[in-house]
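Per-entry structural report
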Amino acid sequence: MGLLKGLDPLLTADLLYILRLAGHGDEIVICDCNFPAHEVSTKTTTGRLITLAGADCPQAVRAICSLLPLDYFVPCPAWHMSPQAGSQLPPLGAEVHAAVRAALLETGNEGVSFEAIDRFEFYERARKGFAVVQAVGERRPYGCFILKKGVVGPDGLDLKP
């Protein structure tokens, strides 16, 4: 596969197609290598699982958010998986959440709400998503995220209220 100017090389043809196909309000799941990605993806709108070999979640989110507008018209357009009640987030889980938060900031998403979803609620929400992108190189626990697609405005930038 040849590279294109200005596009992150992680953005495969299949991933670009899915991102373009998604509409305002559709949710893209980005998950780690331990997530039941195949099972969950079969229940999404597209039934598609896109794998990014060797990539971790911060790299995947950075690549995706270089093109995908987030939904600024909802209280929260970005979520991360958290442990169920009574369990603690391991240090590596906190590390991957912080790294993805940084990736969101690096791609111009300052001030965006980034909230936790209980693990089992996350599975259910992911099954209602648009598609699943698995960052196969991500081995840190709770390295699972959901991004809600927003709107590209007439100026080519994220449409904001």
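Notes on the structure in this doc start here. Predicted model, so just to flag it, every value in this text is computed and none were measured.

**What to know about the overall build of the chain**
- Assigned secondary structure in the chain consists of five helices and six strands.
- Reading the secondary structure of the chain in the N-to-C direction produces α-β-α-β-α-β-α-β-α-β-β.
- Viewed in the frame of its principal axes, the chain has a C-alpha envelope of about 45 × 40 × 25 Å.
- In the chain, 88% of the contacts between residues at least 6 apart in sequence involve partners at least 24 apart.
- When the accessible surface of the chain is split by element, carbon and sulfur atoms take 55% of a total near 7,900 Å².
- Measuring between centres, the 15 positive side-chain charges of the chain sit 3 Å from its 18 negative side-chain charges.

**Describing the pairing of strand 4 (residues 114–118)**
- In this structure, strand 3 (residues 78–82) lies alongside strand 4, joined through five bridges in parallel fashion. Each residue of the ladder has a partner; that of His-80, found in strand 4, is Ala-116.
- For the crossover from strand 3 across helix 4 (residues 91–106) to strand 4, the handedness is right-handed.

**Some points on the packing of helix 3 (residues 57–65) against helix 4**
- Viewed as axis vectors pointing N to C, helix 3 and helix 4 meet at an angle of 20 degrees, and their least axial separation amounts to 9 Å. Classified by the interaxial angle, the pair formed by helix 3 and helix 4 is roughly parallel. In this structure, helix 3 meets helix 4 at a crossing whose hand is right-handed. Counting all contacts with helix 3, which are made through Cys-57, Pro-58, Val-61, Arg-62 and Cys-65, the residues of helix 4 involved are Val-96, Ala-99, Val-100, Ala-103, Leu-104 and Glu-106.
- Its residues assigned to classes, the contact of helix 3 with helix 4 shows nine nonpolar, no polar and two charged.

Conventions and cut-offs
Residues numbered from 1 in each chain as written. Predicted model: local features only at pLDDT ≥ 70, side-chain atom pairs only at ≥ 80, totals over all residues. Heavy atoms only, no water. Helix = DSSP H or I, 4+ residues; strand = E, 2+ residues; numbered from the N terminus. Contact = heavy atoms within 4.5 Å. Areas by Shrake-Rupley, 256 points an atom, 1.4 Å probe, with all protein chains shown as cover. Lys, Arg positive; Asp, Glu negative; His and termini not counted. Charge placed at Lys NZ, Arg CZ, Asp CG, Glu CD. Pairing = 2+ DSSP bridges. Right-handed = clockwise from strand over helix to strand, strands pointing away. Axes fitted to C-alpha atoms, helices over the stretch in contact; angles between N-to-C directions. Parallel < 35°, antiparallel > 145°, perpendicular 65-115°, else oblique. Left-handed = near helix turned anticlockwise from the far one by under 90°. Nonpolar A, V, L, I, M, F, W, Y, C, P; charged D, E, K, R; others polar.

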